[in-house]
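# Geometric and topological summary
Below are the chains, spelled out letter by letter.
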Amino acid sequence: MKIGIVCYPTFGGSGVVATELGKALAEKGHQVHFITYSQPVRLDFFSDNLFYHEVSVSDYPLFEYQPYELVLSSKLVDVVKYEKLDLLHVHYAIPHASAAYMAKQILASQGINIPFITTLHGTDITLVGKDPSFEPVITFAINESDAVTAVSESLKEDTYVNFPNVKKDIQVIPNFICLEDHKSENNQCHKKMYAPNGERLLIHVSNFRKVKRVEDVLRIFDVVRKKMPAKLILVGDGPERGNIEKLCRELNTCEDIKSLGKIVNPEQVLSIADLFLLPSETESFGLAALEAMASKVPVISTNSGGLSEVNKNGFSGYMSNVGDIEDMAKNAIHILKDDATLNQFKINAYEQAKKFDIAKILPMYEKLYTEVLAKNKILVK
Ligand code: GMT
């Protein structure tokens, strides 16, 4: 199949999922074309059948806001037509689904039928999407998609609740992990750099947006370090970084915290960690938690959104109500209190991650593509 993938090229989970999906499809022999405004950060792998088409937005002084959606639609028309794509798969509804709809209509006027699949990722529905000014366009684009998927049951439900006029059947295809990529061994030399005296190593990875509640990470860590020697690694960057630096000074924890900034492939640093903290306000799925579990790191998370479909309470980690720092700290201390308990949770975390192995999830997307093409009577050569 010749598949066009539209996504955000940044560090966010939706871009990571879209890129890893494209890479895996290319490895299986499909021809994959990424169409976005810069090279996706995880697109670090090249093959004959992987292509990247840049959408460049002109900087005309009249435009206070650049019309990205229009140039994306035009680019889609061009790539579909000249690369003879069979289908488009757009990740994140805003503005990718409506841009794909526009491209589909333009191509239809030229006698070309291009089906498009929309994958909903989370904040397009739960945060940004709830803004009433987006509602009519998102509802329309979802209803007009040839197929729609959501990354968790919870996100599927949220979509029907937040967008009551969505009538489309939404299929859940969970996010996935390539276990092969998480084979880095727990390197004791690396671990010593961050925990020189055998301290427990806690980690948080996110884009430091308000929804991640990174302040809770620091408060949980503060309770844990009063009970046992511990260090915290922060990976990622974003709008909350300044507040976090301020809070670590207030709590007097800065010397036990290392901020590593943005890391393209966090597997190496995850492999030396003992516990992952994800106290988010909401997560449609929590890909960062799954990546941690694939690296044998148990997870302390909230129970909001789709997290309970990923983290298994009392097995791969624990879940608490949003903001219940005391409970999250208590659970963290329980997991970290002795090596035997920690090792059991590490084994369990990996077992849980296996449920989301790419080998199980990729065929679900391929089946969906085949069904959509068959419905559109498109024969793939
Ligand atoms: O988590 C973010 O803020 C980034 C966001 C994105 O769209 O890139 O992540 C969302 O999609 C990920 C991949 O499907 C999910 O694992 C995240 O849970 C989801 N984030 C939220 O729902 C807050």
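Bear in mind the structure is a predicted one, so any value in this text is a computation, not a measurement.

### Quick look at the site of the ligand
Close to the ligand lie 18 residues, the nearest being His121, Asn175, Arg209, Lys212 and Glu283. Within the side chain of asparagine 207, an N or O atom sits 2.9 Å from an oxygen atom of the ligand. Measuring from an oxygen atom of the ligand, one finds a side-chain N or O atom of glutamate 283 at 2.5 Å. In isolation the ligand exposes 480 Å². Once the protein is present, 96% of that is buried. Looking at the shell around the ligand, its residues break down into four nonpolar, 11 polar and three charged. Structurally, the shell around the ligand is a two-domain feature, drawing no fewer than three residues from each of domain 1 (2-176 + 358-375) and domain 2 (179-354).

### Regarding helix H3 (residues 93-108)
Look at H3: 21 Å from first C-alpha to last across 16 residues, which is about the 22 Å you get at 1.5 Å a residue. Of the residues making up H3, those classed as buried are Ala93, Ile94, Pro95, His96, Ala97, Ser98, Ala99, Ala100, Ala103, Lys104 and Leu107. The elements touched by buried residues of H3 are strand S1 (2-6), helix H2 (68-83), strand S4 (87-91), strand S5 (116-120), helix H4 (123-126) and helix H5 (135-144).

### Here we look at the domain arrangement of the chain
Under the domain assignment, the chain is made up of domain 1 (2-176 + 358-375) and domain 2 (179-354). Contact residues are listed per partner, giving 21 residues for domain 1 and 17 residues for domain 2. Summing the contributions of domain 1 and of domain 2, the shared interface buries around 1400 Å²; its carbon and sulfur component is 57%. Joining domain 1 to domain 2, the criterion identifies one salt bridge. Of the charged contacts, one joins arginine 42 and glutamate 291 as a salt bridge, the two residues approaching to 3.2 Å between their closest N and O atoms. One can count 10 residue pairs in polar contact (both at pLDDT 80 or more) joining domain 1 with domain 2. For the side of domain 1 that touches domain 2, the element with the highest residue contribution is helix H1 (residues 13-27), accounting for four residues. Here the residues of the side of domain 1 that touches domain 2 are counted per class, giving nine nonpolar, seven polar and five charged.

### Some words on the sheet that holds strand S9 (residues 230-235)
Spatial strand order, S10-S9-S8-S11-S12-S13: six strands in an open sheet with parallel pairing. Each of the sheet's edge strands pairs with one partner strand only, and the pair in question is strand S10 (257-261) and strand S13 (317-320). On average, adjacent strands in this sheet sit at an angle of 20 degrees to one another, irrespective of strand direction. Across three bridges, the pairing between strand S11 (residues 275-278) and strand S12 (residues 299-302) is parallel. From the neighbouring strand, leucine 278 faces S12, where its bridge partner is serine 301. In this fold helix H11 (residues 287-294) packs onto strand S8 (200-205), S11 and S12, with an angle of close to 175 degrees to the strand it touches most, S11.

The rules behind each value
Residues numbered from 1 in each chain as written. Predicted model: local features only at pLDDT ≥ 70, side-chain atom pairs only at ≥ 80, totals over all residues. Heavy atoms only, no water. Near = heavy atom within 4 Å. Polar contact = N/O pair within 3.5 Å; in protein donor to acceptor, adjacent residues only side chain to side chain. Areas by Shrake-Rupley, 256 points an atom, 1.4 Å probe, with all protein chains shown as cover. Nonpolar A, V, L, I, M, F, W, Y, C, P; charged D, E, K, R; others polar. Domains from an automatic or database assignment. Helix = DSSP H or I, 4+ residues; strand = E, 2+ residues; numbered from the N terminus. Expected span 1.5 Å × (residues − 1). Buried < 20%, exposed > 50% of the residue type's maximum accessible area, 1.4 Å probe, protein only. Contact = heavy atoms within 4.5 Å. Buried area = accessible area lost by both parts, 1.4 Å probe. Salt bridge = Lys/Arg side-chain N within 4 Å of Asp/Glu carboxyl O. Pairing = 2+ DSSP bridges. Axes fitted to C-alpha atoms, helices over the stretch in contact; angles between N-to-C directions.

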